[in-house]
Amino acid sequence: MSRNASLFERASQTIPGGVNSPVRAFRSVGGTPRFIKRAQGPYVWDADDTRYIDYVGSWGPAILGHAHPEIVRVVQEAAVGGLSFGAPTEGEIEIAETLAARIPSIEKVRLVSSGTEATMSAIRLARGFTGRPKIIKFEGCYHGHADSLLVKAGSGMLTFGNPTSAGVPSEFIQHTLVLDFNRLDAVEAAFNEFGDQIACIIIEPIAGNMNLVKPVPGFLEGLRELCTKHRALLIFDEVMTGFRAGPQGVQGLTGVTPDITTLAKVIGGGMPVGAFGGRADIMDHIAPLGGVYQAGTLSGNPVAVAAGLATLRLLAEEGFYDKLAAQTAKLAQGLSERAAAANVPFSADHVGGMFGIYFRETVPTTFEEVSASNIEQFKKFFHGMLSQGIYFAPSAFEAGFVSSTHDDAVIQATLDAAESVFKTL
Ligand SMILES: *Cc1c(COP(=O)(O)O)cnc(C)c1O
């Protein structure tokens, strides 16, 4: 038995499903998850010492490649000075100032330890600030695993949704409206019906949790207008896209300004850091200044903050995002060309350091279109690539990630493998 398989068997004895986050279990592609021993630059090595080119990148954080020497150095240095104090530190000011300086819509920011905490807190803040109960989210967007967000669309367009998890009472989601991504008319209808009860819209402004789906022209602008008109808050969940799609996230790319932004993943550089920030008059509603409660024992942890700050410093280097986007484009284009050569219906899209691959003719713009891609072909492609030492996300509904260490040779090796795998589909 492979060491991966024996570790998976052993893990399953004491860890539910053998994993600490469900997508890691390979359930949607089948097979044995790889247990990772170490990682460096664009590579990860599994328990059997097999090396893979990695396009998961810890699901987004590893934008500088794994174990970047400068990040490792600052983490070691910070650890020597103490792991956690439960009292404020200067590093927290520095990262807050950095986030506020880089992302114009953020005037004040509160640190948490995960994306889930960031979105959960942002929604509580929006409800506290507006005094309204209802929220709008979009089918296919993921905002972490808080109760009110584990919901899918109901039967009618303007009915409230159904829980997508056992353990979430329907009462907990009775204020969550689930609408179609990229359908502005549905949002307009929701505001017409419930306008004065809607606290906020939360959206992944480029969706990365139903594969990669970009907003159609006018969609984000329309959401902004509707929120402003009805005095609801617009929350951009940039946990994935922040410092990944571009230096100022999607808001920098589109010029659409949210009231609150949530961040995590890249801003921790591989350590647990999340954040939510926005206009000062909104943020001042959080405790201890305001009545919206939010707290965390390890929030702003000094070791995690050191990793985040070092990451943000390196991302500010001249030309970083141009290079990253160029490599990502080479990958997406190269995959499309090789699929076409093998007559496989396939398309790809990309932005900054993230990409989507779709086993369908055209790039999808809706959850429905993404769902209609050829999942069986994706599974074959995934396992074919894996057996050639290329590690893509083990699900057809996840975006992929490129790091600054994915140089031309790494991309070429990936495309060479893809050329032979597409021919087998
Ligand atoms: C990953 C993700 C989250 C959840 O973040 P965690 O750190 O896993 O809790 C929330 N929103 C988006 C858009 C994400 O991609």
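Just above, that's the structure.
In this report, we go over the structure that sits alongside the text. Just so we're clear, the structure is a prediction, and the values are computed from it rather than from any experiment.

About the thresholds
- Starting from 1, residues in each chain are numbered consecutively following that chain's sequence as written.
- Totals for whole chains, interfaces and linings use every residue, but because this is a predicted model, local features are given only for residues with pLDDT of at least 70 and side-chain atom pairs only at 80 or more, for both listing and counting.
- Only hydrogens and water are set aside; all other atoms, that is, all heavy atoms of the structure, feed into the side-chain values.
- Near is defined per residue: the residue qualifies when any heavy atom it owns lies within 4 Å of the molecule or strand.
- Contacts described as polar in this section are N or O atom pairs within 3.5 Å, which, within protein, must combine one atom able to donate a hydrogen with one able to accept it, while residues neighboring in sequence count only if both atoms come from side chains.
- To be clear on the numbers: accessible area is Shrake-Rupley with a 1.4 Å probe, and residue cover counts the displayed protein chains and nothing else.
- In this classification, the charged set is Asp, Glu, Lys and Arg, the nonpolar set is Ala, Val, Leu, Ile, Met, Phe, Trp, Tyr, Cys and Pro, and all remaining amino acids, among them Gly, are polar.
- Angles run from 0 to 180 degrees between N-to-C directions of axes, and those axes are lines fitted to C-alpha atoms, restricted for helices to the stretch in contact.
- Comment: elements are numbered from the N terminus, with helices defined as DSSP H or I runs of at least four residues and strands as E runs of at least two.
- Oblique is the label for every angle not falling under 35 degrees (roughly parallel), over 145 degrees (roughly antiparallel), or within 65 to 115 degrees (roughly perpendicular).
- In this scheme, a crossing is called left-handed if the near helix is turned counterclockwise away from the far one by less than a right angle; it is called right-handed if the turn is clockwise.
- Contacts are assigned to residue pairs with any non-hydrogen atoms lying within 4.5 Å of each other.
- Note on exposure labels: buried denotes an accessible area under 20% of the residue type's maximum, exposed denotes more than 50%, and partly exposed covers the range between, all computed with a 1.4 Å probe on protein chains only.
- We place a 1 Å grid over just the protein atoms. Points where a 1.4 Å probe fits but has no way out form a cavity, open points with protein on both sides within 12 Å along at least 5 of 7 lines form a pocket, and any residue with an atom within 4 Å of a point lines it.
- Grid points are joined across faces, edges and corners, and a volume is the space filled by probe spheres set on the points.
- Between rings of Phe, Tyr and Trp, where Trp is taken as its six-membered ring, a pair exists when centres lie within 6.5 Å; planes separated by under 30 degrees are stacked, by over 60 edge-to-face, and by other angles tilted.
- Only Lys NZ and Arg CZ are tested; either one counts as a charge over a ring when it is within 6 Å of the ring centre and within 35 degrees of the ring normal.
- In these notes, a set of buried Ala, Val, Leu, Ile, Met, Phe, Trp, Tyr and Cys residues joined through side-chain atoms within 4.5 Å is what counts as a nonpolar core.
- Note that the domain bounds reflect an automated or database-derived domain assignment.

### Description of the site of the ligand
Then step 1. Taken together, the residues surrounding the ligand are Ser114, Gly115, Thr116, Tyr142, His143, Gly144, Glu204, Asn209, Asp237, Val239, Met240 and Lys265.
Then step 2. Asp237 places a polar side-chain atom, nitrogen or oxygen, 2.7 Å from a nitrogen atom of the ligand.
Then step 3. At 2.6 Å from an oxygen atom of the ligand is found a side-chain nitrogen or oxygen belonging to Lys265.
Then step 4. Its free accessible area being 380 Å², the ligand has 82% of it covered by the protein chains.
Then step 5. A class-by-class count of the residues in the shell around the ligand yields three nonpolar, six polar and three charged.

### Here we look at the packing of helix 10 (residues 320-341) against helix 13 (residues 408-423)
Then step 1. At their nearest, the axes of helix 10 and helix 13 sit 9 Å apart, and the two run at 20 degrees to each other. Relative to helix 13, the element helix 10 lies roughly parallel. Considering only the axes of helix 10 and helix 13, their crossing is right-handed. Packed against helix 10, whose contacting residues are Gln327, Lys330, Leu331, Gly334, Leu335, Arg338 and Ala339, the element helix 13 presents Asp408, Ile411, Gln412, Thr414, Leu415, Ala418, Glu419 and Phe422 at the interface.
Then step 2. Class assignment for the residues of the contact of helix 10 with helix 13 results in seven nonpolar, four polar and four charged.

### A word on the environment of Val273
Then step 1. Tracing the sequence through the fold places Val273 in the loop between strand 11 (260-263) and strand 12 (274-278).
Then step 2. The class of Val273 is buried, set by a relative accessible area of 5%.
Then step 3. Considering only alpha carbons, one finds Val273 and Pro247, 26 residues apart in sequence, at a separation of 18 Å.
Then step 4. Setting aside anything within four residues of it in sequence, one finds Val273 in contact with Leu111, Val112, Ser113, Ser114, Ala264, Lys265, Ile267, Gly268, Ala304 and Val305.

### A short note on the environment of Tyr52
Then step 1. Looking at the secondary structure, you find Tyr52 in strand 3 (residues 51-54).
Then step 2. Each C-alpha atom of the pair Tyr52 and Pro272 lies 24 Å from the other, and the pair is 220 residues apart in sequence.
Then step 3. Those residues in contact with Tyr52 that lie beyond four places of it in its chain are Arg34, Pro42, Tyr43, Val44, Asp46, Leu386, Gly389, Ile390 and Tyr391.

### Thoughts on the side chain of Thr130
Then step 1. Among the structural elements, Thr130 can be located in helix 4 (residues 115-130).
Then step 2. Within the local environment of Thr130, its side chain forms a polar contact with the backbone oxygen of Ala126, the two atoms lying 2.8 Å apart.
Then step 3. Sequence-distant contacts of Thr130, defined by excluding residues within four places in its chain, comprise Ala199, Arg231 and Leu233.

### Regarding empty space enclosed by the protein
Then step 1. Counted according to the given criterion, the structure contains three cavities of 30 Å³ or more.
Then step 2. Roughly 80 Å³ of volume is contained in the largest cavity.
Then step 3. If you trace the largest cavity, you find it lined by Asn211, Phe355, Gly356, Ile357, Phe378, Phe392, Ala393, Ser395, Ala396, Glu398, Ala399 and Gly400.
Then step 4. It is strand 14 (residues 354-358) that provides the largest number of residues to the lining of the largest cavity, a total of three residues.
Then step 5. Each residue belonging to the lining of the largest cavity can be placed in one class, and the counts come to seven nonpolar, four polar and one charged.
Then step 6. The volume enclosed by the second largest cavity comes to roughly 50 Å³.
Then step 7. Surrounding the second largest cavity, Gly41, Pro42, Asp54, Gly57, Ala62, Gly65, His66, Arg244, Phe401, Val402, Ser403 and His406 form its lining.

### Remarks on the packing of aromatic side chains
The description of an aromatic ring pair rests on the distance of the ring centres and on the angle between the ring planes.
Then step 1. Enumeration over the complete set of coordinates arrives at 19 aromatic pairs.
Then step 2. Between Phe359 and Phe381 the ring centres are 5.5 Å apart and the planes differ by 55 degrees, which places this aromatic pair in the tilted class. With Phe359 in the loop between strand 14 and helix 11 (367-371) and Phe381 in helix 12 (residues 375-387), the pair connects residues that are 22 residues apart, well separated along the chain.
Then step 3. Taking 5.0 Å as the distance between ring centres and 25 degrees as the angle between the ring planes, the aromatic pair formed by Phe381 and Phe422 counts as stacked. Of this pair, Phe381 sits in helix 12 while Phe422 sits in helix 13, and the two are 41 residues apart along the sequence. Of the two residues, Phe381 and Phe422, both sit in the buried class.
Then step 4. Through successive ring pairs, a cluster of aromatic residues spans Phe26, Tyr55, Phe346, Phe355, Phe359, Phe378, Phe381, Phe382, Phe392 and Phe422.
Then step 5. For the cation-ring pair, Arg38 lies above Trp45, with the distance from its terminal atom to the ring centre recorded as 3.9 Å.
Then step 6. Directly above the ring of Tyr43 sits Arg51, whose terminal nitrogen or CZ lies 3.9 Å from the centroid.

### Here we look at the nonpolar core
Then step 1. Counting 69 residues, the largest nonpolar core has Tyr55, Phe243, Leu335, Phe381 and Phe392 as the members making the most contacts within it.
Then step 2. Broken down by element, the residue count for this core peaks at ten residues, all from helix 9 (residues 302-315).
Then step 3. The residues that make up this core include at least three from each of domain 1 (3-67 + 318-422) and domain 2 (69-315).
Then step 4. Setting aside chain neighbours within four positions, we find Phe381 in contact with Leu335, Ile357, Phe359, Phe392, Ala418, Val421, Phe422 and Leu425.
Then step 5. If you look at the next biggest cluster of nonpolar residues, it comprises 36 residues, including Phe191, Ile198, Tyr358 and Val370.

The analysis is restricted to geometry; functional conclusions fall outside its scope.
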